[in-house]
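What follows is each chain in one-letter form.
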Amino acid sequence: MFTNGGIAVDSWVRVEEQCSIESEVVGDEVQFTFSGRRGGELSMVVTEAGLEKVVEHFRRALDRIRSAEVGEPGAE
């Protein structure tokens, strides 16, 4: 959590099917902008190494979600 002048600031985004995700490469970084249905926006800037790390974590999380779905009764 970022603290500025004693005020703690925390940001989050819920990424779901309706969430708009835009990306732009600027130099050696990529800026992602997540826009929600309620008009808010969150930006995330990553380097190439940071993007590799994010992709690795997202891939593992996706694998865990999908393996949990397979184990649920009634899941196809």
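None of these values were measured; they are calculated from a predicted model.

Regarding the layout of surface pockets
Approximately 360 Å³ is the volume found for the largest pocket. Lining the largest pocket we find 14 residues, and of these Trp 12, Val 13, Arg 14, Gly 36 and Arg 37 sit closest to its centre. Secondary structure elements with two or more residues in the lining of the largest pocket: β4 (29–35) and β5 (41–47).

A few points about the side chain of Ser 35
With respect to the helices and strands, the residue Ser 35 is situated in strand β4. Judged by relative accessible area, which is 18%, Ser 35 ranks as buried. When near neighbours in sequence (up to four residues on either side) are disregarded, Ser 35 contacts Cys 19, Ser 20, Gly 40 and Glu 41.

Description of the sheet that holds β5
Taken in spatial order, the three strands make up an open sheet running β3-β4-β5, and their pairing is antiparallel. In the strand order of this sheet, the two ends are held by β3 (20–26) and β5, each with one partner. Within this sheet the neighbouring strands show an average axis-to-axis angle of 20°, counted without direction. One ladder, built from seven bridges, connects β3 with β4; its direction is antiparallel.

Looking at the environment of Trp 12
Structurally, the position occupied by Trp 12 is in the loop between β2 (7–9) and β3. Using a relative accessible area of 70% as the deciding quantity, one classes Trp 12 as exposed. A C-alpha to C-alpha distance of 9.7 Å links Trp 12 and Glu 41, two positions 29 residues apart in sequence.

Quick word on the pairing of β5
The sheet contact formed by β4 and β5 spans seven bridges and is antiparallel. Bridge pairing in β5 links Gln 31 to Val 45.

Cut-offs used in this document
Positions within a chain are numbered from 1, following the residues in the order the chain's sequence is written. Only residues with pLDDT of at least 70 get local features here, since the model is predicted, and only at 80 or more are side-chain atom pairs given and counted; chain-wide, interface and lining totals rely on the full set of residues. Hydrogens and water are ignored here; the side-chain numbers use all heavy atoms of the structure. Lining residues are those with an atom within 4 Å of a point, where the points come from a 1 Å grid over the protein atoms alone and group into cavities, where a 1.4 Å probe fits but cannot get out, or pockets, open sets with protein on both sides within 12 Å along at least five of seven lines. Grid points are joined across faces, edges and corners, and a volume is the space filled by probe spheres set on the points. Here a strand is any run of E in DSSP of at least two residues, a helix any run of H or I of at least four, and the numbering for each starts at the N terminus. Exposure categories follow from relative accessible area, calculated using a 1.4 Å probe and restricted to protein chains: below 20% of the type maximum is buried, above 50% is exposed, and the middle band is partly exposed. In this description, contact between two residues means that some pair of their heavy atoms is separated by no more than 4.5 Å. Two strands pair if DSSP finds at least two bridges between them. Under this scheme, a helix contributes an axis fitted over its contacting stretch, all axes are lines through C-alpha atoms, and angles between N-to-C directions fall in the 0 to 180 degree range.

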